[in-house]
Amino acid sequence: MAHPYLPHTQADIRAMLEKIGVKSLDDLYADVPEGCLRKGAYALPEALSEQEIRDCFAALEAMNARLKVFVGQGSYDHYTPAVIPYLTQRSEFITAYTPYQCEISQGTLRYIFEYQSMIAELTGLDVANASMYDGPTAAAEAAMMCTASVRKCPRVLVSATLLPHVLAVVKTYAKFHGVELTIIPADGGVTPLGAIEAELEKGGVAGVMVPSVNRYGIVEDLTGFADAIHAHKALLVEYCDPSALAVVKTPGEWGADIAVGDGQPLGLPMSYGGPYVGFMAVKKEHMRKMPGRIVGQTLDKQGKRAFVLTLQAREQHIKREKATSNICSNESLMALWVTIYLSLMGPEGLKEVNRISSDGAHYLYNELLATGKFEEVFPGKPFLKEFVLKSKEDAAQLQQRLEKAGFFAALPTEEGYVSFCVTEKRSKADVDALVAAVKEG
């Protein structure tokens, strides 16, 4: 056979081709332009021994630059406890991809239930789901959920202080789902309540989306937002860094109806940008409008604790015309990762992560200003682990120079600022070395 690793015989292939009315496998690609079809054999190497393969991949890996990460913007270099990769490989957690058959998926369903419980506790809201792809798509789903929940109101107000990639994905989803977005410009680096109130007065607003910690690293003060928004029968959506929720006011405390964000800061490696896991939590009155899966706890025939998918019919996930959303792929490996991380860290561990990160960020902030090579952008605004400054040196040139010195730092922003971030993985010596590299310029 041409492809011995495929199970189909030539007779099988002929029977299938006859069934669909084509003469050859090449006919299946008749609508593909000739120039796009590959000709000739694949450039595959000769067979290698196990040791030779290990040496080959080691040589490829050695080509990667290993930089100290001082950038966040939605993907954060937090510490991952070494035990997590091993626990995620336990057989009771590697069950069916789709946990509809609850009798054989108890391991999967249980940790999804625990994940949802922990997200609900972090956000201070009643119910959380699973199966959000990442933070940006969770935000987009929340925007659509607002218009589905508040009838005859097609508009959603979105703060310009959201992370740029989050805002971009929300715009894309909105364009193809009939959601009218109104972007609220930043004022002094934060979301202005007055501008939101002015838009609410115009009517037709289903929801308002604002960040907890914004694209500049500023912790936003959302005092009065919930009252103003709810007075116009709209919903408040808060986009959150879940790690920061251990030390800042939760969406529940701010009066939010929906909380979304990316679970990556909860121990998931940056992994070149994914895979990550989005989260969504809501007040209980909105739970039947939630996309994704929801796992509940019940009792089996013997009265033992058991877990099942709940609150949504199976058609929610398989019939487009009956679904509130077509997100249904199970991000449960990442949800399991986050669940183990949270169980290991606990409330005090999360607070310690934020304390160390905040101390390091404020130390770096002051040291960079002391070099005389930067100017403050938003003086007096509170930040946690991330901040922006105005560089007197060309931003792109500064980033390239620091990269050559072994640092991924000073990420240029759309506004011409440079962004820095410090997590608990960065020591004082690391920060001092970065500052020294800045001075060398």
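Engineer: Residue-level account of the pairing of strand S8 (residues 278–282), with values.
Structural biologist: With respect to burial, S8 is a largely interior element, five of its five residues being buried. Of the two faces of S8, the one holding Gly278, Met280 and Val282 and the one holding Phe279 and Ala281 are both buried throughout. Summarising the sheet, strand S2 (residues 127–128) and S8 pair through two bridges and their orientation is antiparallel. Bridge pairing in S8 places Ala128 opposite Ala281. Of the strand pairs in this sheet, strand S7 (residues 258–262) and S8 are connected by five bridges, and their pairing is antiparallel. Residue pairing across strands places Ile258 opposite Val282, the latter belonging to S8.

Engineer: Requested: an account of the nonpolar core, with residues and values cited.
Structural biologist: Counting residues in hydrophobic clusters, the biggest one holds 36 residues, and the most contacted among them are Tyr115, Leu266, Val338, Tyr341, Leu342 and Leu350. Among all residues touching Leu342, those that are not within four sequence positions of it are Met118, Leu122, Leu266 and Leu350. Counting residues in hydrophobic clusters, the runner-up holds 33 residues, among them Val166, Ala174, Val237 and Met280.

Engineer: Pulling in residues and values, what's your account of the pattern of salt bridges?
Structural biologist: For the structure shown, the criterion picks out 21 salt bridges. One salt bridge connects Glu34 with Lys39, and the closest N-O pair in it is separated by 3.0 Å. Linking Arg54 and Glu50 is a salt bridge whose minimum nitrogen-to-oxygen distance equals 3.2 Å. With Arg54 and Glu50 both in helix H2 (residues 50–61) and four residues apart, this pair spans about one turn of that helix. A single burial state applies to Arg54 and to Glu50, both of which are exposed. Several salt bridges converge on common partners, so that one network encompasses Lys68, Asp77, Lys425, Arg426 and Asp430.

Engineer: Outline the packing of aromatic side chains, listing residues and values.
Structural biologist: Counting across every chain of the model gives eleven aromatic pairs. Geometrically, the ring pair formed by Phe93 and Tyr111 is edge-to-face, given 5.6 Å between the ring centres and 80 degrees between the ring planes. In this pair, Phe93 is assigned in the loop between helix H3 (84–87) and helix H4 (106–123) and Tyr111 in helix H4, connecting sequence segments 18 residues apart. Exposure remark for Tyr111: the relative accessible area of 6% places this residue in the buried category. Plain terms: the ring middles of Phe383 and Phe387 are 5.4 Å apart, the flat faces sit at 50 degrees to each other, and that makes the pair tilted. You'll find Phe383 and Phe387 in the same group, each marked buried. Directly above the aromatic system of Trp254 lies the positively charged group of Lys249, at a separation of 4.0 Å from the ring centroid. Between Lys385 and the ring centre of Tyr76, over which it is positioned, the NZ or CZ distance is 4.2 Å.

Engineer: How would you sum up the sheet that holds strand S14 (residues 411–412)? Please name residues and give values.
Structural biologist: Taken together, four strands build an open sheet; the order of strands is S11-S12-S15-S14 and the sheet is antiparallel. A single partner strand is all that each edge strand has here, and the edge strands are strand S11 (374–376) and S14. In this sheet, strand S15 (residues 418–421) lies alongside S14 in antiparallel orientation, the contact comprising two bridges. Bridge pairing in S15 places Leu411 opposite Ser419. Against the sheet, helix H11 (residues 332–370) contacts S11, strand S12 (386–391) and S15, and its axis sits at roughly 10 degrees relative to S12.

Engineer: Describe the side chain of Ser332, with residues and values.
Structural biologist: In this fold, Ser332 is placed in helix H11. Judged by relative accessible area, Ser332 falls into the buried class, the value being 11%. Apart from residues no more than four positions distant in its own chain, Ser332 is found in contact with Thr108, Tyr111 and Ile112.

Engineer: Can you break down the packing of H11 against helix H13 (residues 428–439) residue by residue, with the values?
Structural biologist: Between H11 and H13, whose axes approach to 10 Å, the crossing angle comes to 20 degrees. The angle between H11 and H13 falls in the class roughly parallel. Helix-helix and strand crossings are classified by hand; for H11 and H13 the assignment is right-handed. Facing Tyr363, Leu364, Glu367 and Leu368 of H11, the residues of H13 in contact are Lys428, Val431, Asp432, Leu434, Val435 and Val438. Among the residues making up the contact of H11 with H13, the classes are represented as seven nonpolar, no polar and three charged.

Engineer: Can you tell me about a nonpolar patch on the surface, naming the residues and giving the values?
Structural biologist: Together, Ile20, Leu25, Leu28, Tyr29 and Leu37 make up a nonpolar patch on the protein surface, roughly 470 Å² of accessible area in all. As for its position among the elements, Leu25 is in the loop between helix H1 (10–20) and H2.

Criteria and thresholds
- Residues numbered from 1 in each chain as written.
- Predicted model: local features only at pLDDT ≥ 70, side-chain atom pairs only at ≥ 80, totals over all residues.
- Heavy atoms only, no water.
- Buried < 20%, exposed > 50% of the residue type's maximum accessible area, 1.4 Å probe, protein only.
- Helix = DSSP H or I, 4+ residues; strand = E, 2+ residues; numbered from the N terminus.
- Pairing = 2+ DSSP bridges.
- Core = buried A, V, L, I, M, F, W, Y, C linked by side-chain atoms within 4.5 Å.
- Contact = heavy atoms within 4.5 Å.
- Salt bridge = Lys/Arg side-chain N within 4 Å of Asp/Glu carboxyl O.
- Phe/Tyr/Trp six-rings, centres within 6.5 Å; stacked < 30°, edge-to-face > 60°.
- Lys NZ or Arg CZ within 6 Å of the ring centre and 35° of its normal.
- Axes fitted to C-alpha atoms, helices over the stretch in contact; angles between N-to-C directions.
- Parallel < 35°, antiparallel > 145°, perpendicular 65-115°, else oblique.
- Left-handed = near helix turned anticlockwise from the far one by under 90°.
- Nonpolar A, V, L, I, M, F, W, Y, C, P; charged D, E, K, R; others polar.
- Patch = residues over 30% accessible without salt bridge, like charges linked within 9 Å, V, L, I, M, F, W, Y side chains within 5 Å.
- Areas by Shrake-Rupley, 256 points an atom, 1.4 Å probe, with all protein chains shown as cover.

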